[in-house]
Amino acid sequence: MIVLTSKTRHSSRVLPTCLTRRTALSSESPTTSLFGKKVFGRRRNSDKAPPSTVSSRHFYQNEALMGYANRPIRPVSLQQFAFYGRKLTDEKIIHSANFVRQELPTRMAHRIHDMQRLPYSIIRNPHMSHVYELYYHSFNSLRKFPKIRSLDDNDKLCNLVKDLLLRHTEVVPRVVMGVIESAELMDSNRLDRFIYSLLSSRISRRVLTEQHLTMTNSLKEGNVTNTGENVGQVFLQLHAADVVRQCADLAGRLVSDVHRGCATPEIIFEGDSDTKFAFIESHFKYMLGEILRNAFEAAASKTERTGEPLKPLLVTVCNTPHQLIFRFSDRAGGIPSDVVQDLWSFAKGPRSLLRHEKLEQLPFFDAVAGERESINKRMSSLSSLTSRPSDLFLGMGLPMSKVYAEFWGGKIVVKSMEGFGCDVFLHISKLGIESAFVENTSI
Amino acid sequence: MRYSVCPRRQLLTETGAMVSRRPASQIYKVTCMKSVLGRRRSYSKYSLDEPFFPSIDIEKIISTYAQHHTKRLSLEDLLRFGCPPIPADQLVLNARHIKQEILSSLARRVIALRNLPYIMMLNPNISQIYHKYLNSISFVHGDESFKPENMAADEENREFTKALEKVVDEHTDAIPVLAKGVAESREYISSAMADRFLDEHLRVRVGTRLAAKHHIMLTKQSTSGLQNGRYVGIVDTRLRPDEMVQSVADLLADVSDLQYGLRPTVKIDTGSDIEIEYVSEHLEYIITELLKNCFRATIEHFTGQSSSSHYRVGEKSNSSQGIFGGPTASLPPVLVSISRAPTGIQIRLRDRGGGIKDHHLSKIWGYSESTFEEDDFDDGFKRLNTPPPSVTGTGGSSMGGLGYGLPLSRAYADYFGGNIELESIYGWGTDAYITLQCARND
């Protein structure tokens, strides 16, 4: 495996993820994780580990954090979010920048405070402590940032925030690894809830940040009036059948790599497959990618096991004024009952150990598709899925998809008929101008 | 000796002490006379027109048996005697066992009914049900003081079975009556309490009737040579779900032809070869109720009568045509998939009926709502929610609901450890998943 070392600390080049150095923990010395495995700390030169916060000074300085943690979070109504970027002016950008400058540390402080209240045995885990320190240092940099009064100040903020977005892409796999290792130390449900709120909050922060960055770019490019179909400029118009086919192609390729020579099931559409809807492309493609990959993987395993021909995957799309509903119905043998009960949990489940071993192989970036790319430009977020090693089953596709689906007011339901097949229902709320969801929801 | 059954007096005299205007001494004299004459009382001499055995202390029976908890029957329990004919001594053992179980169920039901608000018990429907339960307890218990010691096993069983049959018959049409009574008392009891009461009541009823009917059938099959090797009591050991679905579908298609002029169809795409051992009545009821919903929804959606019809974007034909030209061809069939699960089977009914709104979904498992408008309230109760046609020979001839079909189906499925779940796509259709715990013949 080719290893590239980037000499600059803040690399603005987008490195293909398959070529990035494998990272392990960034703690300074080898530590023993709870399972007795030696985990070596190899520091990435491009990313120095944040200095340790483990000191008594940290305890007494926590007052600063508590100040922010005690502030209420100011939700942004989705309507405001959607239509803020319609007519851009300097003041609007500066106003948005100050909002980001204050809101991000507040939201992070809430999550840091959550972590501080988890049992010591959990946060002492090297992965979790890395995440904690990353959060704390990000919080500090944002907190100390002076008030923005000009577009130049805004540029400085944008650079800081871009860097933070990059560095935080590793949070997801680290947290998942940390949770799997510490699953026995705490009530699983409470742990699941903690991760759920951590990831939800993370989505909200990233979406707000990306929105601000996009607006800054638009203003720079002179694109001040935006009456296009993009909602908040972060939501794109997607075509249901097309996006399903794209994700299916990709998922199919991944599965074919593992099950050599096995074809992928045919996709049959029914219903309103021509529908166009607005959603964050990377989020939607991630969910779809996971769902389809599960379906194809199950179909391929079943064919290998029983020799029966592949049954097609039926995709039903239903468009109503308030919701868009997808149903993916396969005949790939269903989900075994010991797995089905913990399907949505990060911490529980018979495969959690297996998942953990696989995670350590993952280059420490895009556990979630498209996060790296979408920061710099709106290119297809599927390239990261392609570059993820194809035999890597992280086992967290469904719980993660659930976080995304529910964040946007939808839901995912899986109905398994063991020995027969699975039906996955994906409901998403529509983000049109008159949408009730838009009126009543905030991020 | 006939006692008149007068509602008002029944309330006062529910323990059976005083039923007529005759003074107590005379009643006592009457019973004494009977015992003096030494006439053996058999259960069959008493019809339910003579509700009370004066010498039975019903309160004592209720308090004794209410403390005993019934054990839920499993399919293995039902099949444990093997194929009929079953020797009489074993039958009588079963008889004695289920007598205990049934009496304790009935006793607990009486106590639950007594815990309802007083005003509800004055409703004639509920009062009727209540007295049925009291009568049934007396009947099943019988007058043990007159039982001779050396009654032959088969005679004992025969007597008991006759009593059971009467009781089962009495309660066959009880659900519509109870439903009507509860519906009329809506203002005196909260929905949640009503739902809880009905849920418990109907679930217990499922178990009690199961035990009773099974014993009756076992007895019939053992004594009259009616057995055919396939049925063990009420368990069909060679039940084909696909055949059952098809026959229910045919019947319901006839009904909807009468009502709407349309014949919906089913298409069984998997599982035609699956054979199970299960109580056929239960499965028939479940399939009937669910398929009724599927058919009705499909018809209403495709004739534009339901609210979800407006969301059929992308359909080539609009809603105003296609009804009278080739009625069967234009209605999409209900897709039925039957699959083998590790501990039984799963059946999925997938329709294109337009789906169920989210806020309805949470209510459909309760007992208070039906989305069907019935003009004639009384008639509706009679026609609907009757036992499956194979049992009574009559059957529901309407497609609408008391609103009890779904929760009752779930009670049946639950009894042996199964389940029913619904997942809906509003604007398109609904998937119903039935899971049954049973043994398969494969």
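None of these values were measured; they are calculated from a predicted model.

How each quantity is defined
Residues numbered from 1 in each chain as written. Chains lettered and ligands numbered in written order. Predicted model: local features only at pLDDT ≥ 70, side-chain atom pairs only at ≥ 80, totals over all residues. Heavy atoms only, no water. Phe/Tyr/Trp six-rings, centres within 6.5 Å; stacked < 30°, edge-to-face > 60°. Helix = DSSP H or I, 4+ residues; strand = E, 2+ residues; numbered from the N terminus. Buried < 20%, exposed > 50% of the residue type's maximum accessible area, 1.4 Å probe, protein only. Lys NZ or Arg CZ within 6 Å of the ring centre and 35° of its normal. Contact = heavy atoms within 4.5 Å. Buried area = accessible area lost by both parts, 1.4 Å probe. Salt bridge = Lys/Arg side-chain N within 4 Å of Asp/Glu carboxyl O. Polar contact = N/O pair within 3.5 Å; in protein donor to acceptor, adjacent residues only side chain to side chain. Pairing = 2+ DSSP bridges. Disulfide = S-S within 2.5 Å.

Caption draft 1: Main features of the packing of aromatic side chains. Applying the stated criterion across every chain, the model contains 16 aromatic pairs over all chains. Both rings, one in Tyr136(A) and one in Phe139(A), keep their centres 6.0 Å apart while their planes meet at 55°; by these two values the pair is tilted. Placement of both Tyr136(A) and Phe139(A) in helix α5 (residues 126-143) is noted, with a separation of three residues, approximately one turn of the helix. Just as Tyr136(A) is buried, Phe139(A) falls in that class too. Considering the side-chain rings of Phe277(A) and Phe326(A), the 6.1 Å spacing of their centres and the 65° angle between planes classify their relative orientation as edge-to-face. Of the two residues, Phe277(A) sits in strand β5 (residues 276-279) while Phe326(A) sits in strand β7 (residues 323-329), which places them 49 residues apart along the sequence. Taken as a pair, Phe277(A) and Phe326(A) share a single burial class, namely buried. Of the aromatic side chains, those joined through ring pairs into one cluster are Phe277(A), Phe279(A), Phe284(A), Phe326(A), Phe328(A), Phe407(A) and Trp408(A). Across the ring face of Trp428(B), the terminal group of Arg352(B) is positioned such that the distance to the ring centre comes to 3.8 Å.

Caption draft 2: Main features of the interface of chain B and chain A. With 24 residues of chain B in contact, the opposing surface of chain A contributes 24 residues. Together chain B and chain A conceal approximately 2,100 Å² of surface at their shared face, both sides included; 55% is due to carbon and sulfur atoms. Put simply, chain B and chain A have five salt bridges between them. Between Arg331(A) and Asp269(B) there is a salt bridge, and its shortest N-O distance comes to 3.1 Å. Run the count over chain B and chain A and you get eight residue pairs in polar contact (both at pLDDT 80 or more). Mapped onto the side of chain B that touches chain A, the elements with two or more residues apiece are β3 (266-270), β5 (334-341), β6 (344-350), β7 (419-425) and β8 (429-437) of chain B.

Caption draft 3: Local environment of the pairing of strand β4 (residues 276-279) of chain B. Residues and elements named next belong to chain B. The pairing of strand β2 (residues 235-239) with β4 spans three bridges and is antiparallel. When the sheet's bridge partners are listed, Val-235 is paired in β4 with Val-279. Two strands pair when backbone bridges link them, and β4 and strand β9 (residues 439-440) are joined in this way by two bridges, in the antiparallel orientation. Paired with Glu-277 across the strands is Ala-439, a residue of β9.

Caption draft 4: Molecular detail of the side chain of Thr298(B). All names here are of chain B. Within the element layout of this structure, Thr-298 appears in helix α12 (residues 280-302). For Thr-298, a relative accessible area of 1% gives the class buried. If sequence neighbours within four positions are ignored, Thr-298 has contacts with Leu-331, Pro-332, Val-334, Asp-351, Arg-352 and Gly-353.

Caption draft 5: Main features of the state of the cysteines. Residue and element names in this part refer to chain B. Using the criterion set out here, one finds zero disulfides over all chains in the structure. Its sulfur unpaired, Cys-438 is 17 Å from the next cysteine sulfur, which belongs to Cys-83. A relative accessible area of 10% means that Cys-438 is categorised as buried.

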